[in-house]
Amino acid sequence: MSQSVVRVGLIGAGNFGGEVAKIVARRPELELVGVADVNADAARSRGEMYGVPWWGDHGDLLAQCECDAVAVATPHNTHRDIVVDAAAAGRHIFCEKTMAITVAECHDMIEAADEHGVKLMIGHKRRFRGAHAEIKRLLDTGEFGRPLSINVHGYFGRRIHGFWSRRAANGGLLYWAGTHDVDTIRHYLGEVDTVSAMAGPKLFPDVTDYDDAIAVNLRFRSGALGSIQVTTAFPMATYRTSFSYQIACEHGGIAYDPRQVAVHYATHDGPMQTTFFEGYGFEEAFDTEWDSFAAWVLRDEPPVLTGEDGLRAVEIMQAAYISVEEGGQPVSLPLDRNERRPFG
């Protein structure tokens, strides 16, 4: 593109859409130029806040808004249709995680972007937060040798509402509470070969219509093992102070402590060292992915995230729920391009 700014239309004016609007407004190579939401009052409110036009339907935004790209911040089950429509309209796309609910939908989105020659980025920001970027840096030094296993402990307490509480809208517990970490551990250890999972007893039907706890086991193509355990029924932690990481390696180990916001690490023959971080780095992570999106659109610079990253995270989570339905049996990856189990 010959221009210096990417004009962005926001699709989804809810709480997280508001955060996206703030990010776009503060980045020098981005400009918010329109808002759409099926809740017309929300679209109007957000549009008036930023002094931009608003619409009650994403199709109207695509037809009438002078935008180069769209930011999609709507429920997971709506992403496929919105992204396919945006691609057909020639708009570049930044779609928030989780990309979709099934790999079939993800493939539709990627293929639409490829067919119409537009960029598609999925917003998995956790890998760019300071502590997680430091873990990746340590692994890449080679000092710790081959990773042997990784564990993510995601116990926290939260009561949720709206689309977050409905499986049909978001996919289930792993799709919103574990999606960042599925992406991040794949970023650390590479592609996954097999997935198995079990869900715990359903104790809180008044809160959600899906699992209250899930435990997922992974085998990476490298031979390394992984596990992710998630529940929202643990009152001693918040979402921010949960999701600790422990990585055992050939020559030592690395851990992330979310309460201290610290990375601990040691080789087998050396003392433990610690790097502390000031804050969780949410804004820096958002800025990293959005600045990369702008550079990709404007100058075709290599992106930090792609549709492929979103697809692979969905594939792992979908395989976990297939395994749950099959009594914990391992599910091999990759899944078939048209796989929709167990969602229909």
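Every residue gets a number counted from 1 within its own chain, in the order that chain's sequence is written. pLDDT decides what is reported in this predicted model: residues at 70 or higher carry local features, side-chain atom pairs at 80 or more are listed and counted, and totals for whole chains, interfaces and linings draw on all residues regardless. For side-chain calculations, the full set of non-hydrogen atoms in the structure is used, while hydrogens and water are omitted.

Chemist: Please set out the sheet that holds strand 6 (residues 120-123) residue by residue, giving values where relevant.
Modeler: When DSSP finds at least two bridges between two strands, those strands are taken to pair. Comment: elements are numbered from the N terminus, with helices defined as DSSP H or I runs of at least four residues and strands as E runs of at least two. Strand order in the open sheet formed by six strands is 3-2-1-4-5-6, and the pairing between neighbours is parallel. Two strands bound the open sheet, and with one partner strand each, they are strand 3 (54-55) and strand 6. Bridge analysis of strand 4 (residues 69-72) against strand 5 (residues 92-96) gives four bridges, and the strand direction is parallel. Bridge assignment links Val 70 to a residue of strand 5, and that residue is Ile 93. In this description, contact between two residues means that some pair of their heavy atoms is separated by no more than 4.5 Å. Axes here refer to lines fitted to C-alpha atoms; in helices the fit is confined to the stretch in contact. Angles between the N-to-C directions go from 0 to 180 degrees. Across the face of the sheet, helix 4 (residues 79-88) comes into contact with strand 1 (6-11), strand 4, strand 5 and strand 6 while running at roughly 165° to strand 5.

Chemist: Before we move on, can you summarise the layout of surface pockets with the specific residues and values?
Modeler: Considered as a void within the structure, the largest pocket measures approximately 1,400 Å³ in volume. For cavity detection a 1 Å grid was placed over the protein atoms alone, and a set of points counts as a cavity when a 1.4 Å probe fits there but cannot get out; an open set counts as a pocket when protein lies on both sides within 12 Å along at least five of seven lines, with lining residues being those that have an atom within 4 Å of a point. In terms of lining residues, the largest pocket is bounded by 49 residues, among which Asn 15, Phe 16, Gly 17, Lys 97 and Trp 164 are the most central. Taken together, the elements giving at least two residues each to the lining of the largest pocket come down to helix 1 (15-26), helix 4, helix 8 (173-177), helix 9 (179-189) and helix 10 (282-299). With seven residues, the top contributor of residues to the lining of the largest pocket is helix 1. Grid points are joined across faces, edges and corners, and a volume is the space filled by probe spheres set on the points.

Chemist: Run through the nonpolar core, naming residues and quoting values.
Modeler: One broad rule of soluble globular proteins: the nonpolar side chains tend to lie buried together. We define a nonpolar core as any set of buried Ala, Val, Leu, Ile, Met, Phe, Trp, Tyr and Cys residues linked to one another through side-chain atoms lying within 4.5 Å. Only protein chains enter the calculation, and the probe is 1.4 Å; a residue is then buried if its accessible area is under 20% of its type maximum, exposed if over 50%, and partly exposed in between. Formed by 82 residues in total, the largest nonpolar core has its most connected members in Ile 93 and Leu 120. Examining the composition of this core, we find that nine residues originate from one element, helix 11 (residues 307-325), more than from any other. Beyond its immediate stretch of four places on either side in the chain, Leu 120 contacts Val 83, Ile 93, Cys 95, Met 99, Met 109, Ile 110, Ala 113, Trp 296, Thr 306 and Gly 307. Of all hydrophobic cores here, the second largest spans 28 residues; its members include Val 8, Ala 21, Ala 42 and Trp 296.

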